[in-house]
Amino acid sequence: MKYAKILMGLLAVVALVVLGAWKLQANKNLMNANAAIAEQKITVFPVSVINPANQTISQNFKSDGAFVPNRQLKFASEMSGRVVSLNIKKGGYVQKGQTVAALDNEQTQIEMSLAQANLDKAKSDLGKYETMFAGNAVQKQQVEDVRMQVKSAENRIEILQRQLRKSAIIAPMSGIVNDLSIEVGSFLSPGTAIAEIVDINNLKLQVHLLDFEVLKVKVGQTASITPDLYPDAKITGSVNAISAIADGSRKFEVEITINNSSSTPLKAGMTASALFNMGSSKNALVIPANSIVGSIQDPQVYVLTGETVQLKKIKVGSIYNDKIEVVSGLTTTDKVVSSGQLNLNDGVKVKVLE
């Protein structure tokens, strides 16, 4: 009887396990079925399509950028010493050649007095030895030794004079003191940063152009600059540098120099757009710019094929407002998805909205 009870208990446990496994499998099958139904419900995506169209477009193009100083220079101390006077302040203007600071040169002045006395004595001795040599009272080598003493004293004077000149720190260029790293009492060593001077009388607008754009631009060419701060202003700039190497985004840096006018004062770091006037128009195949999937550097579009879409690579040219030129990859008969691309993948089924 005891064994029968145990057997019945084991059978009950096994039955519960089998029932639980069956229930889990049933739930899994139900979940898979619901997922399949849900997937069927979202496999058709609504989209809008357009046909590429031939249009006459301007060959002018625009690019945004930021201003940088015409010149920017950080300079440092060339010798050791303590700052005893400072004649500039941060944000102030300095002229090239202006003394901006002075180092303590008292020790150098003392050494200069001693060196001058040594030089005077050596010259006096040389005069005496030359007289005695003329009377055969001394040998030629003795005269040469004294002459060498004169030369050594003169060299010492030149070294000390250079140290005295360097104790007066001179501005290497004209401009605004953008950063000042010293103050009265600071001890400087060779290489210690003193200040940063920037010249913004002229500014350079740095813009980045695509490959097909940069090939149209030449050094010396003019561009119309519109600062974001002065949207109604039109400033004429001149291209002064074109990068020979593309950056990481496969764009080429172009610098455009402008005069910083008092009527529209600008500072480095401000932004503007540059319009490059190519002076002509052309007939081109265009699509809305929002049809592009990905980036302009690697442009793709979804093209309708029956009830599905195909992701297709294209080559683009100029960008004009909200339209972009298609150089190759599309024709006027293609149906290009212009909205609804966010949820699309290559080969998915779509429904075209009327």
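In the block above lies the structure referred to throughout.
Rules used throughout
- Residues numbered from 1 in each chain as written.
- Predicted model: local features only at pLDDT ≥ 70, side-chain atom pairs only at ≥ 80, totals over all residues.
- Heavy atoms only, no water.
- Phe/Tyr/Trp six-rings, centres within 6.5 Å; stacked < 30°, edge-to-face > 60°.
- Helix = DSSP H or I, 4+ residues; strand = E, 2+ residues; numbered from the N terminus.
- Buried < 20%, exposed > 50% of the residue type's maximum accessible area, 1.4 Å probe, protein only.
- Core = buried A, V, L, I, M, F, W, Y, C linked by side-chain atoms within 4.5 Å.
- Contact = heavy atoms within 4.5 Å.
- Expected span 1.5 Å × (residues − 1).
- Salt bridge = Lys/Arg side-chain N within 4 Å of Asp/Glu carboxyl O.
- 1 Å grid on protein atoms, 1.4 Å probe; cavity = no way out; pocket = protein on both sides within 12 Å on 5 of 7 lines; lining within 4 Å.
- Points joined across faces, edges and corners; volume = space filled by probe spheres on them.
- Pairing = 2+ DSSP bridges.
- Axes fitted to C-alpha atoms, helices over the stretch in contact; angles between N-to-C directions.
- Parallel < 35°, antiparallel > 145°, perpendicular 65-115°, else oblique.
- Left-handed = near helix turned anticlockwise from the far one by under 90°.
- Nonpolar A, V, L, I, M, F, W, Y, C, P; charged D, E, K, R; others polar.
- Polar contact = N/O pair within 3.5 Å; in protein donor to acceptor, adjacent residues only side chain to side chain.

Visitor: What should I look at first to understand the packing of aromatic side chains in this one?
Guide: Geometrically, a pair of aromatic rings is defined through the distance of the ring centres and the angle of the planes. Scanning the model with the defined rule gives 1 aromatic pair in all. With 5.1 Å between their ring centres and 25° between their planes, Phe61 and Phe276 make a pair best called stacked. Note that Phe61 is positioned in strand β3 (residues 61-76) and Phe276 in strand β14 (residues 271-276), a separation of 215 residues in sequence. Residue Phe61 is classed as buried on the basis of its relative accessible area, which comes to 3%.

Visitor: Just to check I follow, could you spell out the nonpolar core for this structure?
Guide: Note that soluble globular proteins tend to have their nonpolar side chains buried in a common cluster. One finds Phe67, Leu205, Val207, Leu209, Ile225, Ile256 and Phe276 to be the most contacted residues of the largest nonpolar core, which totals 21 residues. Broken down by secondary-structure element, the contributors of at least two residues to this core are β3, β10 (193-209), β11 (222-227), β12 (235-242), β13 (252-259) and β14. With 5 residues, β10 is the largest single contributor of residues to this core. Those residues within four positions of Phe276 in sequence are excluded, and the remaining contacts are Asn60, Phe61, Val207, Leu209, Val217, Gln221, Ala223, Val239 and Ile256. Membership of the second largest hydrophobic core comes to 17 residues, among which are Met79, Val83, Ala101 and Ile169.

Visitor: What's the story with helix α2 (residues 106-134) in this structure? I'm lost.
Guide: At 3.6 residues per turn, the α-helix brings residues three or four places apart onto the same side. A rise of 1.5 Å per residue sets the reference length of α2, with its 29 residues, at 42 Å; its end C-alpha atoms lie 42 Å apart and thus fit the reference within 8%. Buried-residue contacts for α2 involve α3 (140-166). Phi for Asn136, located one or two positions after α2, is positive at around 60°.

Visitor: Is there a simple way to explain the pattern of salt bridges in this structure?
Guide: Any two side chains of opposite charge can pair, on the condition that their charged atoms come close. This model, assessed by the stated rule, comprises 10 salt bridges. Taking the shortest distance from any N to any O, the salt bridge between Asp322 and Lys323 comes out at 3.9 Å. We classify Lys323 as partly exposed; its relative accessible area is 28%. Among the ionic contacts, a cluster of salt bridges with common partners joins Glu78, Arg162 and Lys166.

Visitor: Honestly, the layout of surface pockets in this entry has me stumped. Any pointers?
Guide: A water-sized probe, rolled over the atoms, reveals where empty space remains. Its volume calculated, the largest pocket comes out at about 320 Å³. Forming the walls of the largest pocket are 15 residues, and the residues nearest its centre are Phe61, Lys62, Ser63, Glu213 and Ile319. Contributions of two or more residues to the lining of the largest pocket are made by β3, β10 and β18 (315-320). The element best represented in the lining of the largest pocket is β3, accounting for 3 residues.

Visitor: What's the story with unusual backbone geometry in this structure? I'm lost.
Guide: Negative phi is the rule for most residues except glycine; trans is the rule for most peptide bonds. The phi torsion at Asn136 lies on the positive side, around 60°, for a residue other than glycine. Topologically, Asn136 is positioned in the loop between α2 and α3. Backbone geometry places Arg250, a non-glycine residue, at a positive phi of 65°. Residue placement: Arg250 occurs in the loop between β12 and β13. Residue classification places Arg250 among the partly exposed residues on the basis of a relative accessible area of 49%.

Visitor: Can you help me understand α3 in this one?
Guide: Look at α3: 39 Å from first C-alpha to last across 27 residues, which is about the 39 Å you get at 1.5 Å a residue. Along α3, the residues that are buried comprise Val143, Val146, Val150, Ala153, Ile157, Leu160 and Leu164.

Visitor: Is there a simple way to think about the pairing of strand β6 (residues 99-103) in this case?
Guide: The two faces of the sheet receive side chains in turn, since in a regular strand these alternate between them. The pairing of strand β4 (residues 81-86) with β6 spans 3 bridges and is classified as antiparallel. Residue pairing in the sheet places Val83 in a bridge with Leu103 of β6. Judged from the 3 bridges that link them, β6 and strand β7 (residues 168-170) form a sheet pairing that is antiparallel. Along β7, the bridge assignment pairs Thr99 with Ile170.

Visitor: Even after reading the chapter, I still don't get the sheet that holds strand β15 (residues 281-288), so can you show me in this structure?
Guide: The strands that make up a sheet pair up through hydrogen bonds in the backbone, lying either parallel or antiparallel. Strand order in the open sheet formed by 4 strands is β2-β15-β19-β18, with antiparallel pairing between adjacent strands. Of all the strands in the sheet, the pair left with one neighbour each is β2 (53-58) and β18. Sheet twist, expressed as the average angle between the axes of neighbouring strands with direction ignored, equals 55°. Inspection of the sheet shows β2 paired to β15 by 6 bridges, in the antiparallel sense. The residue bridging Ser58 from the neighbouring strand is Ser281, located in β15.

Visitor: Looking at this model, I keep getting lost on the packing of α2 against α3. Mind explaining?
Guide: For any two helices packed against each other, the geometry is given by the interaxial angle and the distance between the axes. α3 packs onto α2 with a crossing angle of 160° between their chain directions and a minimal axis gap of 8 Å. As the angle between them shows, α2 and α3 are arranged roughly antiparallel. In the crossing of α2 with α3, the sense of the turn from one axis to the other is left-handed. Each residue belonging to the contact of α2 with α3 can be placed in one class, and the counts come to 14 nonpolar, 8 polar and 8 charged.

Visitor: Looking at this structure, I do not really get the side chain of Thr226. What am I missing?
Guide: Along the polypeptide, Thr226 turns up in strand β11. Given the relative accessible area of 14%, Thr226 is considered buried. There is a polar contact of 3.1 Å between the side chain of Thr226 and the side chain of Lys234. Non-local contacts of Thr226, meaning those with residues more than four positions away in its chain, are made with Pro231, Ala233, Lys234, Ala272 and Ser273.

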